[in-house]
Each structure stands twice: as structure tokens, then as C-alpha cells.
Amino acid sequence: MTTVVKDETRPLTTAEIAAIALSLAHLGAGPQAVAARRGLQHALQHLELDDDVIATTLATLTEPLPVEVASRARLVADAITSRLMIRLHYRDASGAVTSRDVEPVTCLVHREYWYLVGVCRMRQAIRAFRFDRIIAVEPTLTPSRPHLADRFLPFQRRRRRSKAA
């Protein structure tokens, strides 16, 4: 078998990094997860990390999640793939606990925290939920509307609409 290497490589997109990271998040700390995280580190080596926020975020991407958080990440990933709504039991920064029906869109990492990004039916708006504050995730059989993840990711360059002359 011959391996072909392209002369020109392109960096991973934000959406690709988020998808790979979510897949790694619920692998745990087994041998396959360790090898996969090394692969992600290798893929990210070309990036110039002159920004502390980005450097911290990428370091978080390559660390395994705690076991209980990883199991919630697995349920969230299944719901995203199946396009099903989930019920979150969530403790906010002030300690208040709520139950929310959420249409999960994607997961992302910012600095040292993982987030679920989705459409919260209670707030009727897009919300980001920190994984370490999610107490429980309940799968439902309620279909979720399709949402494109790339519209919800941070650091994404937005296309400017050209003004008609």
C-alpha cells in the first residue's frame, strides 16, 4: 500500500476540530483514546499558538474528560447524531438547578471547559451549557430540528453581506 502525501495541506476547520474533539471526549482514557488524542495533537501542531486562549483551549481538547462527564458527553453526542432533543438538569453559576429541553447542536471547548451548544426550549434561544454543570442528561424521542453546527461555533469568521448598489 502506498501512502500519498499532498504537497498542500489545509488546517482543520473549527467544525472539524469540534467534531473530532467530541468523538474523543467520550472515549475515556483507554489505549485507543490515548492514540487518538496524540493524533489530534499532531494535527494541531501546525497552528501558531500566539494566543493564550487558543493554546488553553487546544490543551483542553486533548485531555480526557472525567468518567461521569464523559458518560454525559456520550449521551449528548448520540442525541446530536440522532437529531433528538434531550432534557438537561443543569446547575448554573449561581447554583440554581433547572430542567431544560434542549435541541443539541454541537459541543465545543473554550479555555478549560467543554460546552454543549443548543437551542433551549425554555429560553427559546441558543445557549451554551458547561458540561461540568450538567447534572444529568435524559434522552428523549422528540425529534430536534436540524441545525448547522458551523453557525454556532466561536472564532468563526462571518461572511459579510454585500450591499446592493
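Here the structure is shown first, and the text comes after it.
Quick look at the structure, then.

Negative phi characterises most residues that are not glycine, and trans characterises most peptide bonds. One non-glycine residue, arginine 83, lies in positive phi territory at about 55 degrees. Located in the positive-phi region is glutamine 124, a residue other than glycine, with phi close to 50 degrees. Here glutamine 124 shows up in the loop between strand 3 (113-120) and strand 4 (125-130).

Counting across every chain of the model gives 4 salt bridges. Measuring nitrogen to oxygen at the nearest pair gives 2.8 Å for the salt bridge that ties glutamate 103 to arginine 121. Taken together, the residues span a long stretch of sequence, with glutamate 103 in strand 2 (residues 97-110) and arginine 121 in the loop between strand 3 and strand 4 at a distance of 18 residues. Its relative accessible area of 0% is what places glutamate 103 among the buried residues.

Pairing is antiparallel across the open sheet formed by 5 strands, whose spatial order is 4-3-2-1-5. Looking at the sheet topology across the chains shown, the edges are occupied by strand 4 and strand 5 (134-143). When the angles between neighbouring strand axes are averaged without regard to direction, this sheet yields 45 degrees. Docked against the sheet, helix 4 (residues 67-82) engages strand 1 (84-91), strand 2, strand 3 and strand 5, running at close to 20 degrees with respect to strand 5.

Here is what the cut-offs are and how they apply
- Position labels on residues start from 1 in each chain and follow its written sequence.
- In view of the model being predicted, local features appear only for residues whose pLDDT reaches at least 70, and side-chain atom pairs are presented and counted only at 80 or more, with totals across whole chains, interfaces and linings using the full set of residues.
- Only hydrogens and water are removed before side-chain values are computed, so all heavy atoms of the structure are retained for them.
- Strands here are runs of E lasting at least two residues and helices are runs of H or I lasting at least four, both read from the DSSP assignment and numbered beginning at the N terminus.
- Throughout this description, the term salt bridge denotes a Lys or Arg side-chain nitrogen within 4 Å of a carboxyl oxygen of Asp or Glu.
- Burial here depends on accessible area, computed with a 1.4 Å probe over protein chains only, as a share of the maximum for the residue type. Under 20% is buried, over 50% is exposed, and the range in between is partly exposed.
- Here a strand pair is declared whenever DSSP counts at least two bridges between the two strands.
- Here, axes are lines fitted to C-alpha atoms. For helices the fit covers the stretch in contact, and angles between N-to-C directions go from 0 to 180 degrees.
- A contact between two residues is defined here by any heavy atoms of the two lying within 4.5 Å.

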